[in-house]
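Fold and geometry: a report
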Amino acid sequence: MNSASENIKINVIFRSCDAVNAVNNSARPFNLDKGTLIKICFKSLLNALEGIDYKMIVIGDALSKETRDFFLKYDIELIEGVFGNDKSILESIKIAEKINCEEWIYFCEDDYLHTKDSFKKILNLIKVKDLIVPGRIKLNQLLRKRTISLFSFKRYLSKPNLVIHPCDYPDRYTIKYATKNFIFHTKDSHWRQISNTTFTFLIEAKELIKHRKTFIKSSKRANDGYLSATLFGRSFFFNKLLCVSPIPSLSTHMHQETMSPIIDWEKLATELLCEIKTEG
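Quick look at the structure, then. For clarity, every value in this text was computed on a predicted model and none was experimentally measured.

What follows deals with the side chain of S219. Structurally, S219 can be placed in the loop between helix 6 (212–218) and helix 7 (224–231). Leaving out residues up to four positions away in the same chain, S219 has contacts with D86, I89, L90 and I93.

Turning our eyes to something else, we now look at the pairing of strand 1 (residues 10–16). Most of strand 1 sits out of view: 7 of its 7 residues are buried. Neither face of strand 1 is left uncovered, since the one carrying I10, V12, F14 and S16 and the one carrying N11, I13 and R15 both have all their residues buried. Inspection of the sheet shows strand 1 paired to strand 2 (residues 54–61) by 7 bridges, in the parallel sense. Bridging from a neighbouring strand, S16 pairs with G60 of strand 2.

Looking now at helix 3 (residues 85–96). Here helix 3 is 12 residues long and its end C-alpha atoms lie 17 Å apart, about the 16 Å a rise of 1.5 Å per residue gives. Among all positions of helix 3, only S88, I89, S92, I93, I95 and A96 are buried. One side of helix 3 carries all its buried residues, which in axial view fall inside an arc of 160°.

Attention shifts here to the state of the cysteines. Throughout the structure, instances matching the rule amount to 0 disulfides. The thiol sulfur of C41 is not disulfide-bonded, and the nearest other cysteine sulfur, from C108, lies at 8.0 Å. As a non-bridged cysteine, C167 has C108 as the owner of its nearest cysteine sulfur, 11 Å distant.

Right, let's get into helix 7. Every buried residue belonging to helix 7 is among L227, S228 and L231, and all of these are buried. Looking down the long axis of helix 7, one finds its buried residues gathered within 95° of arc, a one-sided arrangement. Buried residues along helix 7 sit against strand 11 (201–204) and helix 6.

Another aspect to go through is the nonpolar core. Counting residues in hydrophobic clusters, the biggest one holds 50 residues, and the most contacted among them are I10, F42, M56 and F119. Top contributing element to this core by residue count: helix 1 (residues 34–48), with 8 residues. Those residues in contact with F119 that sit more than four places away from it in its chain are I10, L45, A48, L49, I52, Y106, H114 and L202. Residues V163, A205, L208 and C243 belong to the second largest nonpolar core, which totals 25 residues.

Let us now look at the packing of helix 1 against helix 8 (residues 265–279). Relative to each other, helix 1 and helix 8 sit at 90°, their axes nearing to 9 Å. Comparing the axis directions of helix 1 and helix 8 gives the class roughly perpendicular. Residue-level contacts link T36, K39, I40, K43, S44 and N47 of helix 1 to A269, L272, L273, E275, I276 and E279 of helix 8.

So, on to the environment of A22. By the element assignment, A22 lies in the loop between strand 1 and helix 1. Counting along the chain gives 240 residues from A22 to I262, while the straight-line C-alpha distance between them is 24 Å.

On to unusual backbone geometry, then. Look at the link from I247 to P248: it is a cis peptide, with omega at -10°. The backbone of F30 shows a phi angle near 60°, a positive value even though the residue is not glycine. As for its placement among the helices and strands, F30 is situated in the loop between strand 1 and helix 1. A residue is classified by how much of its surface remains accessible, and F30, at 29% relative accessible area, is partly exposed. The phi angle at A62 is positive, at roughly 55°, despite the residue not being glycine.

Cut-offs applied
- Residues numbered from 1 in each chain as written.
- Predicted model: local features only at pLDDT ≥ 70, side-chain atom pairs only at ≥ 80, totals over all residues.
- Heavy atoms only, no water.
- Helix = DSSP H or I, 4+ residues; strand = E, 2+ residues; numbered from the N terminus.
- Contact = heavy atoms within 4.5 Å.
- Buried < 20%, exposed > 50% of the residue type's maximum accessible area, 1.4 Å probe, protein only.
- Pairing = 2+ DSSP bridges.
- Expected span 1.5 Å × (residues − 1).
- Arc of directions from axis to C-beta.
- Disulfide = S-S within 2.5 Å.
- Core = buried A, V, L, I, M, F, W, Y, C linked by side-chain atoms within 4.5 Å.
- Axes fitted to C-alpha atoms, helices over the stretch in contact; angles between N-to-C directions.
- Parallel < 35°, antiparallel > 145°, perpendicular 65-115°, else oblique.

Any functional reading would require information that these geometric values do not contain.
Given below as structure tokens:
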């Protein structure tokens, strides 16, 4: 175990299917076919996990021989079947239920590209998670050029645990979706409260067990909207979790219309393709 991780173990459950380009028919960036996109996303994840204590489980859904052979070049556990999106989510939940309660789970879809430093920053966040709480709600009034606080109260009964979505979506900067969010920083990155994710996020295993019924129900029709609305707090956190994402992004969802801003993802994709070709 790497001492820098301070006993934090990440269990990655990577769901992959190269038979379908995209369940929502969205175009992929940089003229990438699905097989190549899977390879660079997976390789970016491995690079980001270097030096981290982790276990990698790949759920392969109707994989081609080429993609299967690619995965087996690495130190992973491969579980294959013909699942479909809903059943592969359910399979990932069943696997996660067996993980030690104090360890972390990273549910990861196969079309997220990661920066090299993504898990270094994620671990630095996890290490201080017990210090992170949503800010209090305050009602202030200006009186004779002085601001006085009329009342102030917490938004939770017990401190909410973290869920980490490593992707900063571009729509969070539009007027339509802009809201007041809790923003904070660790020693090397900024984070903000969000209230919705896809099925790619990190969660502590004990929280998955606690909210098992919600996870199972969300697997039907791959309902990440239900998962987000039920699991994550917005203004209050009564039996809900605090979900956060980084600014700037540590990963991007590889659809043309949802690429995370600021980072040069095409440059990273090109570098990863060269690495893969060099490895053979």
